[in-house]
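Architecture at a glance
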Amino acid sequence: MTKLIYKLFLIPFLAIFVGLKPFNMLSYMQEKDVVLVIGSSGQIGTELVVRLREIYGDSNVVASDIKDAAPEVMESGPFEILDIMDRSKLNELVAKYKVTQIYLLAALLSATAEQHIELGWNLNMRSLSHVLDLARHGHIKKIYWPSSIAVFGPTTPSLNTPQYTVMEPNTVYGISKQAGERWCEYYHNRFNVDVRSIRYPGLIGWKAAPGGGTTDYAVHIFHEAIKNNAYESFLDKGTTLPMMYMPDAIDATVSLMEAPAENVKIRSSYNVAGISFDPEELAAEIRKHMPNFELTYKPDYRQAIANSWPASIDDSHARKDWGWQHKYDLAAFTEDMFVNLKKKYNQ
């Protein structure tokens with residue numbers, strides 16, 4: 001005890017003496033946040049881990065997944081193999097690293113969940129209940145859990161879909177995400193759990209491979225354009241969907257999690273939006289970089305899923321409550337995708 005008191009009083013004076021920045025006694029005494037990212041090998045997780053390590057420090061962001069992550073994740077900080085269905089292993093990691101925040105990204109996405117119904121429901125729901133219970137019992141302080149535009153359905157207004165509206169999802173993924181939103185809000189209202197969520201639109205990025213989502217054509221199309229100068233779309237012409245470039249999605253996620261608790265007015269999930277387009281509009285933008293690019297269509301079972309989703313999103317609540325703003329439009333993200341993917345393919 002004497003040594004602790006000595007340190008607490010000595011360090012501020014040393015800092016002043018050597019000309020360091022003003023010392024914050026409260027910050028020094030508080031425990032530093034340690035973040036656990038579950039599902040770090042996926043499309044969002046790969047880039048989110050990198051950003052969080054820039055914020056919290058490499059050793060304070062623990063990446064985890066059921067499989068190895070990208071080298072930039074594996075080599076820059078701690079990584080653990082974790083099956084989120086294994087509750088005891090999750091509890092063990094939380095205790096081992098003294099985790100204070102969890103980003104729960106593990107899920108079976110829309111198209112894949114339709115092929116594996118029971119697994120999709122069990123994984124998407126049980127993983128959330130494991131993490132919510134950790135917070136309920138005081139083992140962690142804050143949770144991020146992503147929802148999706150899949151919570152909407154064919155009866156939802158498709159243009160400028162409002163935050164509060166009819167929600168009758170007709171897919172396994174959408175049903176699980178709608179149920180998850182209700183559980184998040186319930187745990188916040190009943191147990192004061194600090195859980196925060198975003199309804200992601202289709203996400204586009206170059207660092208990770210497509211992950212089995214209905215909107216993943218907008219990622220796959222770039223890979224095929226570079227490799228084959230052509231793409232066969234599994235969504236039909238004129239299928240307009242809300243999309244967002246990955247840097248914007250990461251910004252939105254981090255901004256929401258760093259917002260003061262009193263600014264987070266919605267504890268189910270926030271609408272966020274970037275841009276909306278259909279396959280032909282995206283192809284037209286690609287042709288500005290590759291004039292001979294060819295787009296053909298062969299719609300499959302994913303077309304029915306896309307038909308049940310909105311074409312555009314009203315995200316005014318996110319913009320008002322915690323200052324959300326997107327940066328990338330169609331032209332900007334297309335250019336950035338080509339710049340980075342051509343490097344990846346050594347062209």
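Here, the structure is the one placed above.
Residues numbered from 1 in each chain as written. Predicted model: local features only at pLDDT ≥ 70, side-chain atom pairs only at ≥ 80, totals over all residues. Heavy atoms only, no water.

Looking along a regular strand, one sees side chains alternate from face to face of the sheet. Covered by surrounding structure in strand S1 (residues 35-38) are Val35 and Val37 together with Leu36 and Ile38, the residues of both alternating faces. For S1 and strand S2 (residues 61-65), the ladder comprises 4 bridges, and the chain directions are parallel. What sits directly across from Val35, in S2, is Val61. In the sheet, S1 pairs with strand S4 (residues 101-104) via 4 bridges, with the strands oriented parallel. Directly across from Val35, in S4, lies its bridge partner Gln101. (Buried < 20%, exposed > 50% of the residue type's maximum accessible area, 1.4 Å probe, protein only. Helix = DSSP H or I, 4+ residues; strand = E, 2+ residues; numbered from the N terminus. Pairing = 2+ DSSP bridges.)

For the rest of this paragraph, the subject is unusual backbone geometry. In this model, Lys98 sits at a positive phi of 55°, which is unusual for a non-glycine residue. Relative to the helices and strands, Lys98 is located in the loop between helix H5 (87-97) and S4. For Asn229, which is not glycine, the phi dihedral falls at a positive 60°. By secondary structure assignment, the location of Asn229 is in the loop between helix H9 (217-228) and strand S10 (230-233). In this structure Asn229 comes out as partly exposed when scored by relative accessible area, which is 26%.

On to the pattern of salt bridges. Pairs can form between side chains of opposite charge whenever their charged atoms are close. For the structure on display, the rule yields 17 salt bridges. Residues Glu224 and Lys227 are paired through a salt bridge, measuring 3.5 Å at the closest nitrogen-oxygen approach. Of this pair, Glu224 and Lys227 both sit in helix H9, separated by 3 residues, roughly a single helical turn. Note on Glu224: relative accessible area 16%, which makes it buried. Between Asp315 and Arg319 there is a salt bridge whose closest N-O contact spans 2.8 Å. For Asp315, a relative accessible area of 7% corresponds to the buried category. You can call Arg319 partly exposed: its relative accessible area is 31%. By sharing partners, the salt bridges in this structure join Arg51, Asp251 and Lys327 into a single network. (Salt bridge = Lys/Arg side-chain N within 4 Å of Asp/Glu carboxyl O.)

Here we take up the side chain of Ser308. Structurally, the position occupied by Ser308 is in the loop between helix H12 (302-307) and helix H13 (316-322). Beyond its immediate chain neighbours, meaning those up to four positions away, Ser308 contacts Phe152, Gly153, Pro154 and Asn170. (Contact = heavy atoms within 4.5 Å.)

Spatial ordering of the open sheet is given by S3-S2-S1-S4-S5-S7, a layout of 6 strands whose pairing is parallel. For this open sheet the edge positions go to strand S3 (79-81) and strand S7 (195-196), each flanked by a neighbour on one side alone.

Moving on to H5. Along an α-helix, a turn takes 3.6 residues, which lines up residues three or four apart on a common side. Along H5, the residues classified as buried are Leu90, Leu93 and Val94. Buried residues of H5, viewed axially, fall in a sector of 100°; they line one side. Along H5, the residues that are exposed and aim more than 90 degrees away from the buried face are Ser88, Ala95 and Lys96. For H5, the secondary structure elements touched by its buried residues are S1, S3, S4 and helix H7 (117-136). Lys98 lies just past H5 and shows a positive phi near 55°. (Arc of directions from axis to C-beta.)

With that settled, the discussion passes to helix H3 (residues 43-56). With 14 residues, H3 should cover 20 Å at 1.5 Å per step; its first-to-last C-alpha distance of 21 Å lies within 8% of that length. Taken residue by residue, H3 has Gln43, Ile44, Gly45, Thr46, Glu47, Leu48, Val49, Leu52, Arg53 and Tyr56 as its buried positions. (Expected span 1.5 Å × (residues − 1).)

So, on to the packing of aromatic side chains. A complete count under the given rule lists 14 aromatic pairs for this structure. Ring centres of Phe222 and Phe338 lie 5.4 Å apart, and the angle between their planes is 70°; on these two criteria the pair is classed as edge-to-face. Taken together, the residues span a long stretch of sequence, with Phe222 in helix H9 and Phe338 in helix H14 (residues 330-344) at a distance of 116 residues. For the pair Phe222 and Phe338, a shared accessibility class is recorded, and that class is buried. With centroids separated by 5.6 Å and ring planes inclined at 85°, the aromatic side chains of Tyr270 and Trp322 adopt a geometry described as edge-to-face. (Phe/Tyr/Trp six-rings, centres within 6.5 Å; stacked < 30°, edge-to-face > 60°.)

Take the nonpolar core next. Counting 67 residues, the largest nonpolar core has Ile38, Leu90, Ile102, Phe277, Leu282 and Phe333 as its most contacted members. At 7 residues, the largest contribution of residues to this core is made by H9. Ignoring any residue separated from it by four or fewer positions in sequence, one finds Leu90 in contact with Leu36, Ile38, Leu82, Ile84, Ile102, His130, Val131 and Leu134. Grouped together as the second largest cluster of nonpolar side chains are 34 residues, Tyr103, Leu105, Ile198 and Ile250 included. (Core = buried A, V, L, I, M, F, W, Y, C linked by side-chain atoms within 4.5 Å.)

This brings us to the pairing of S4. With burial as the criterion, each face of S4 is covered, one bearing Gln101 and Tyr103 and the other bearing Ile102 and Leu104. Bridge count between S4 and strand S5 (residues 142-144): 3 bridges; the pairing is parallel. In the strand pairing of S5, Ile102 is matched with Ile143.

Let us look at the environment of Ala63. Within the fold, Ala63 resides in strand S2. Here Ala63 is in contact with Val37, Ser40, Val49, Arg53, Val73, Pro78, Phe79 and Glu80, once residues within four sequence places are set aside.

Attention now moves to the sheet that holds strand S11 (residues 241-245). With mixed pairing, the 3 strands of this open sheet are ordered in space as S9-S11-S13. For this open sheet the edge positions go to strand S9 (202-204) and strand S13 (275-277), each flanked by a neighbour on one side alone. The sheet shows a mean angle of 45° between the axes of neighbouring strands, direction not considered. In terms of strand pairing, S9 meets S11 through 3 bridges, oriented parallel. Bridging from a neighbouring strand, Ile204 pairs with Tyr245 of S11. Packing against the sheet, helix H10 (residues 246-258) makes contact with S9 and S11, and its axis sits at approximately 80° to S11. (Axes fitted to C-alpha atoms, helices over the stretch in contact; angles between N-to-C directions.)

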